[in-house]
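Spelled out from the first residue to the last, the chains are:
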Amino acid sequence: MTQTTTTADSPRAIRLEARPDGVGLVTFDVPGASQNTLRPDFGADLARVCDELERNPELRAAVLVSGKPDGFVAGADLDMLKGLTSVDAARQMVEAGHRALDRLAGLAKPVVAAIHGAALGGGFEIALACRARVLSSSKKTVLGFPEVRLGLLPGLNGLQRLAALAGLQVALDHGLTGKNMSPDKARRFGVAADVVPEPILVRVASELALALAEGAALSQPRKSPPPVERLKTLALEKNPLGRRVVFRQARAAVKKSTGGRYPAPGRILDVLETFAKKGFEASRAVEAEAFAELVTGDVSARLVGIFFATTALKKDTGVDDPSVAPREVRKVGVLGAGLMGAGIAYVSIDNGIAVRLKDRDAASVARGLRQVTTLLDERVKKKRLGQGERDQKLALLSGTSDYSGMRQADVVVEAVFEDLALKHRVLAEVEASCREDVIFASNTSSLPIGQIAARARRPENVVGMHYFSPVHKMPLLEVITTERTAPEVVATAVALGKRQGKTVIVVRDGVGFYTSRILGPYMNEAAWLLTEGCSVDGIDRALVAWGWPVGPLTLLDEVGIDVAAHVGPIMVGAFGERMQPPATVQKLVEDGRKGRKNDKGLYLYGAAAKELGRGKHVDATVYGVLGLPVPGRRHKEPYPVEEIQRRCVLQFVNEALHCHGEGVLRSARDGDIGAVFGLGFPPFLGGPFRYADTLGAATLLGQIEALAERHGKRWSPAPLLVEMAKGHRRFYG
Ligand code: NAI
């Protein structure tokens, strides 16, 4: 017989069930939610259950489980964290959390966490406060501290408890990267006492809990005195010299990777360093203070904003009409087995979607199939994928050099050469060879979808699906709709993109769509700066210092100078002087410079680069080609670094606002996500629209107008910006 001792009328998030074997089953089950999060009443709930457990003489031990089928605890409720506006209130919340977990950790009766599914952030910290942990061997089971990705740190002593169990290096590694820990790793690190199949998880955890209650020691790599004791002793035990080296190296690495723009990693180091040097109590104070500052700071607010936006996009069908549903997609045809086509095939089969891959001839098909196989094999080699799973995925892929096997395709994505006539030809072939209702999606990077659809017999079935390279790594998919694309077709493309693991934004058709369009004037401005005497590396360094992953001229080499030269006049044709590039790009093309693809661009590649050692080296001959003096050793940029940054960035932001004003975007949210996930706009700034809000519309407008005075018509403020400045409006509330 079991007895539930929940006393309240309303359902509680944590309940205790006294079982006849003397084990209390503590179930975490937030009512009405699909997953467990830590909410404001978490501390009180836990304290009540701890009281009940202590009071009940029948209970000798307890097992903590989740009431959700596939997840343990996902962490703190982000809405709750977002509601914290003062540092004091935040600190108090953290301190209350510390007390709640102290209570759990200090219980005389051992509590064992039985974890199936993700135990993340606060969920991992609760598990760490238990006497021991048993994990299910399911793939869904992972432990981790994702806080750093949201600009936060684990605030419930999880870093210290992990360090105590697994060592400082493991705690640093997981705290700083936010990466997940698999059950196997957890076992090896001494974090999990056991890893067992899910059906026997609670039984094994109960047996362990009872054994611990009888005084048994944990059969895990490290011996375990009571948690708080261990925390104190371990902090003192460690060799101070070794510790200093560990932290010095970690700080240098953090500084290099964050450029000082993300405060959370530094604070994570503060917590662990204080723990190692001064012990658990001292580190808790540092942790509470740091968490309170981070959670109320701007960077975390923007990173959480991005997280919320991606969550919202997961639920968004991509069309405003709620009655529109996507069609089912069982099989995808991909035309062109080149770089992009093979990538699209890979992300499809990897997510269980059958693919028929077509190219012009058997050799090209074979090359594409090889590319997909290589990507899977790399994962097998790294032990991220089993051989059987690899084989199953590959069984979903077949190749062809004609349209055989394409009749079952629900969607055909074309990734053939960037040539309008060719796109028209393959569209006609698809319409002739495939089913009537087949969706034709183009992965063109620059041709307006309307121009491709102009020749379609069924233009309502034509849509753009603009993937980014490399497809398996880049998270964004831009779905492009024409005026004639059927809403159901849009919804199907969006749903397919999500299944392929992408974050999907829907944009209206036009030259450059959204992402390529805003990149245009940004890269142009860098080219203008070059003609005005700035150095190639000086420009790139300035923008990297601003937070971009690479500078605009490095990007030009990557994208291809020939591609930029091709697209430039099209952009000018569509948008006028605002997009006017200097003659630079044309001169470079005339000199045979295409960028990385032919090892000849603004930077050196191949043997010439190797000779000069590590790092990137500008090809100094490029200045002569442009009719510019080679910057000497004492070269001083003609503008301060802030001016270089402002000119490039404001072109980008202004163009994003042009797009939004013209209805290219469905929301500022989509514009921010597109820029961050597609182009590498610095996440800590939240995206161009958040950035505009941070500056304020009036200030932004003032800066653009000042630039227009100096540099002319290339600087024309977006009408939307002018309007917003007048009305003192913001994009986000
Ligand atoms: P690629 O040159 O690597 O591949 C194109 C493939 O299409 C080749 O394998 C070629 O044999 C094949 N092909 C040509 N005619 C064909 C036909 N009639 N039927 C079937 N296959 C045919 O080019 P990539 O880079 O994969 O680009 C493909 C498309 O994706 C282009 O429209 C490009 O603008 C677009 N795109 C490219 C990106 C990139 O970074 N490379 C990014 C986003 C879009």
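Residues numbered from 1 in each chain as written. Predicted model: local features only at pLDDT ≥ 70, side-chain atom pairs only at ≥ 80, totals over all residues. Heavy atoms only, no water.

### Concerning the overall build of the protein
For step 1, the next point in the chain: Counting its secondary structure elements, the protein contains 31 helices and 19 strands.
For step 2, the next point in the chain: For the protein, the C-alpha radius of gyration of 29 Å lies close to 27 Å, the compact-globule estimate for 733 residues.
For step 3, the next point in the chain: With the C-alpha coordinates of the protein rotated into their principal frame, the extents come out at 85 × 65 × 55 Å.
For step 4, the next point in the chain: A burial count over the protein gives 55% of its 733 residues as buried.
For step 5, the next point in the chain: In the protein, 73% of the contacts between residues at least 6 apart in sequence involve partners at least 24 apart.
For step 6, the next point in the chain: Total accessible area on the protein is roughly 31,300 Å²; 54% of this is exposed by carbon and sulfur atoms. (Helix = DSSP H or I, 4+ residues; strand = E, 2+ residues; numbered from the N terminus. Rg over C-alpha atoms; globule rule 2.2 N^0.38 Å. Buried < 20%, exposed > 50% of the residue type's maximum accessible area, 1.4 Å probe, protein only. Contact = heavy atoms within 4.5 Å. Areas by Shrake-Rupley, 256 points an atom, 1.4 Å probe, with all protein chains shown as cover.)

### A short note on the sheet that holds strand E16 (residues 439–442)
For step 1, the next point in the chain: Within the open sheet, the eight strands sit side by side as E14-E13-E12-E15-E16-E17-E18-E19. Their pairing is mixed. A single partner strand is all that each edge strand has here, and the edge strands are strand E14 (397–400) and strand E19 (503–508). Strand-to-strand twist in this sheet, taken as the mean axis angle between neighbours without regard to direction, amounts to 25°. (Pairing = 2+ DSSP bridges. Axes fitted to C-alpha atoms, helices over the stretch in contact; angles between N-to-C directions.)

### Things to note about the site of the ligand
For step 1, the next point in the chain: Taken together, 23 residues lie near the ligand, and Met-340, Asp-359, Glu-418, Lys-423 and Ser-445 sit nearest.
For step 2, the next point in the chain: Take Leu-339: an N or O atom from its main chain is 3.0 Å from an oxygen atom of the ligand.
For step 3, the next point in the chain: A distance of 3.2 Å separates an oxygen atom of the ligand from a polar backbone atom of Val-416.
For step 4, the next point in the chain: Alone, the ligand offers 830 Å² of accessible surface; in the complex the protein occludes 82% of this. (Near = heavy atom within 4 Å. Polar contact = N/O pair within 3.5 Å; in protein donor to acceptor, adjacent residues only side chain to side chain.)

### With respect to the sheet that holds strand E5 (residues 71–73)
For step 1, the next point in the chain: Taken in spatial order, the four strands make up an open sheet running E5-E7-E9-E10, and their pairing is mixed. The open sheet is flanked by E5 and strand E10 (180–181), the only strands paired with a single partner.
For step 2, the next point in the chain: The pairing of E5 with strand E7 (residues 118–120) spans two bridges and is classified as parallel. The partner of Val-73 across the bridge, within E7, is Ala-119.

### Digging into the environment of Asp-184
For step 1, the next point in the chain: Mapped onto the elements of the fold, Asp-184 is located in helix H7 (residues 183–189).
For step 2, the next point in the chain: Using a relative accessible area of 53% as the deciding quantity, one classes Asp-184 as exposed.
For step 3, the next point in the chain: Sequence separation of Asp-184 and Leu-427 is 243 residues, and the distance between their C-alpha atoms is 49 Å.

### A word on the pairing of strand E18 (residues 476–481)
For step 1, the next point in the chain: The buried count for E18 comes to six of six residues, which makes it a mostly enclosed element.
For step 2, the next point in the chain: Across four bridges, strand E17 (residues 462–467) lies against E18 in antiparallel orientation. For His-466, the partnering residue across the bridge sits in E18 and is Glu-478.
For step 3, the next point in the chain: Strand direction decides the pairing type here: E18 and E19, joined by six bridges, are parallel. Counterpart to Val-479 in the pairing with E19 is Val-506.

### What about helix H6 (residues 168–177)?
For step 1, the next point in the chain: What H6 keeps buried is the set Leu-168, Val-170, Ala-171, Leu-172, His-174 and Gly-175.
For step 2, the next point in the chain: Of the residues flanking the end of H6, it is Gly-178, one or two places downstream, whose phi is positive at about 75°.

### Focus: the packing of aromatic side chains
For step 1, the next point in the chain: By the definition in use, this model includes 14 aromatic pairs.
For step 2, the next point in the chain: Note on Tyr-522 and Trp-548: the rings are 4.7 Å apart at their centroids and 35° apart in plane angle, and the pair reads as tilted. Of this pair, Tyr-522 sits in helix H20 (residues 515–531) while Trp-548 sits in the loop between helix H21 (536–546) and helix H22 (552–559), and the two are 26 residues apart along the sequence. For the pair shown, Tyr-522 and Trp-548 are each scored as buried.
For step 3, the next point in the chain: When the centroid spacing of 5.5 Å and the interplanar angle of 80° are considered together, the rings of Trp-548 and Phe-681 count as edge-to-face. Of this pair, Trp-548 sits in the loop between H21 and H22 while Phe-681 sits in the loop between helix H28 (668–679) and helix H29 (688–695), placing them 133 residues apart in sequence. Phe-681 matches Trp-548 in its accessibility class, with the two residues each being buried.
For step 4, the next point in the chain: Each member of the aromatic cluster is reached from another via a ring pair, and the members are Tyr-522, Trp-546, Trp-548, Phe-652, Phe-681 and Tyr-691.
For step 5, the next point in the chain: One cation-aromatic arrangement involves Lys-616 over Tyr-603; the distance from NZ or CZ to the ring centre is 4.6 Å.
For step 6, the next point in the chain: A cation sits over an aromatic face here: Arg-690 above Tyr-732, 3.7 Å from the ring centre. (Phe/Tyr/Trp six-rings, centres within 6.5 Å; stacked < 30°, edge-to-face > 60°. Lys NZ or Arg CZ within 6 Å of the ring centre and 35° of its normal.)

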